[in-house]
Amino acid sequence: MANQVSSRRLAVGLLIALFSAVAFGSSGGVAKGLLDSGWSPAAAVTLRILIGALVLLPLAAVEMRGHWELLRRRRTWVHVALFGALAVAGCQLFFFLAVTHLTVGVALMLEYLGPILVVLWLWAVRSQTPRALTLAGIGLALTGLLLVLDVFSDAQISMIGVLWGLLAAVGLAVFFLVGADESTGLPPLAFTSLAMLLGAAALALAGALGAVPFEMAADDVPLAGAVVPWWVPVLWLGIIAAGVAYATGVIAARRLQAKLASFVGLTEVLFAVAWAWLLLGELPAIIQLLGGLLILAGVVCIRLDEPSRPRVQPDLTTPAAART
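Position numbers for residues start from 1 in each chain and track the written sequence from start to end. Predicted model: local features are reported for residues with pLDDT of at least 70 only, side-chain atom pairs are reported and counted for 80 or more only, and whole-chain, interface and lining totals are derived from all residues. No hydrogens and no water enter the side-chain calculation; it runs on all heavy atoms of the structure.

Caption draft 1: Here's a closer look at the overall build of the protein chain. Numbering of helices and strands starts at the N terminus; helices are DSSP runs of H or I of at least 4 residues and strands are runs of E of at least 2. Scanning the protein chain from terminus to terminus reveals eleven helices and two strands. The helix and strand sequence of the protein chain, counted from the amino end, reads α-α-α-α-α-α-α-α-β-β-α-α-α. The classification of residues rests on relative accessible area computed with a 1.4 Å probe and restricted to protein chains. Under 20% of the type maximum is buried, over 50% is exposed, and intermediate values are partly exposed. The buried share of the protein chain, reckoned over its 324 residues, is 51%. Note on areas: Shrake-Rupley, 1.4 Å probe, and residue coverage restricted to the protein chains presented here. With an accessible surface of roughly 14500 Å², the protein chain has 70% of that area assigned to carbon and sulfur atoms.

This is the structure in structure tokens:
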């Protein structure tokens, strides 16, 4: 009976993780039409984060019962602010900026170099020398990056788009590192919703000060071969691609634990390409798709090489399940 319960829990966790990846993967395809219709990346990201945070807020309030004293700690707000600024607001803003110069699939493939950056960070800062399988994974990922950039052809690719995509990868790496640190004691949904609120506030302030373009438009938006009101993609981004996606991602992580959940989360890249094809008729070149598969293969090698560690105390060495 115990084995049946465990198997059922694993199966349900896998389904929830895949649903989360599907939801997250839709963000680029849905946002592309919004950006092409006159919205600035900062405005689209701010509304997405804000709506997603408001969706999670009631669940966060329930989780915080008996834990409100945690909000008095300085460490709590340092971690929430770092996560909100870089892992949530920064990562999504950089990804949306990349999408304005690259196809959704290529932008997301670049973003998912984030786990490679985690390994390099732990190697450089914490002296955690990667083993042979990890080094092989890094080699595969870097080879895949060359193919994604299509450096062996005469095709022109936007280098500013590549830069934004790599900065999004940095944001994703911060998501893994800071998201794994549970030393604040905050429940996951409460931590995520607070970080999203702070991220939205930071972007709104930057827009108000003129640091980033903050433009919105009331024009209809082309989506999946149709024309829809602007609020349709905005609500989709906030409710589905942010609120629901984050919530299901956290639930899946609890059922599967960080290693398996993050491995399943890599399918977001493939779902994003599928969404871009379905919504935008956009598909990377064959060589770029091959590069994306090599990046995925490299990240999978690194995940498989990650030793299992007992969760005795929280630290920054084990990546948590993550999203864009």
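Don't stop here, the text continues.
Caption draft 2: Fine view of helix H10 (residues 267-280). Any helix carries an expected span of 1.5 Å times its number of residues minus one. Along its 14 residues, H10 runs 19 Å from first to last C-alpha, staying within 8% of the 20 Å computed at 1.5 Å per residue. Along H10, the residues classified as buried are Glu268, Val269, Ala272, Val273, Trp275, Ala276 and Leu279. Along the axis of H10, the buried positions cluster into a sector of 160 degrees, meaning they face one direction only. Pointing more than 90 degrees away from the buried face of H10 are the exposed residues Trp277 and Leu278. Just downstream of H10 lies Gly281, where phi reads positive at about 65 degrees. Starting at the helix axis, one direction is taken to each C-beta atom, and the arc is that of these directions.

Caption draft 3: Quick peek at the environment of Gly238. Looking at the secondary structure, you find Gly238 in helix H9 (residues 231-265). For Gly238, a relative accessible area of 0% gives the class buried. For the pair Gly238 and Ala53, spaced 185 residues apart in the sequence, the C-alpha separation amounts to 8.3 Å. Dropping the residues within four chain positions of it, Gly238 is found in contact with Arg48, Ile51, Gly52 and Gly243. By the convention used here, residues are in contact when the closest approach between their heavy atoms is within 4.5 Å.

Caption draft 4: View of the packing of aromatic side chains. Within 6.5 Å between ring centres, the rings of Phe, Tyr and Trp (the latter by its six-membered ring) count as paired, and their orientation is classed by plane angle as stacked under 30 degrees, edge-to-face over 60, tilted in between. Under the defined criterion, the tally for this structure stands at five aromatic pairs. Taking the centre distance of 6.0 Å and the plane angle of 50 degrees together, the rings of Phe95 and Phe96 count as tilted. Residue Phe95 shares its accessibility class with Phe96, and that shared class is buried.

Caption draft 5: Representation of a nonpolar patch on the surface. The patches described consist of residues with a relative accessible area above 30% and no salt bridge, like charges being joined within 9 Å and nonpolar side chains (Val, Leu, Ile, Met, Phe, Trp, Tyr) within 5 Å. When a carboxyl oxygen of Asp or Glu is within 4 Å of a side-chain nitrogen of Lys or Arg, the pair counts as a salt bridge. Where nonpolar side chains cluster on the molecular surface, the patch consists of Leu117, Leu120, Trp123, Leu135 and Val170 and spans about 400 Å² of accessible area. For the nonpolar patch, the leading source of residues is helix H5 (residues 114-126), giving three residues. With respect to the secondary-structure elements, Leu135 resides in helix H6 (residues 132-148). With a relative accessible area of 43%, Leu135 lands in the partly exposed category.

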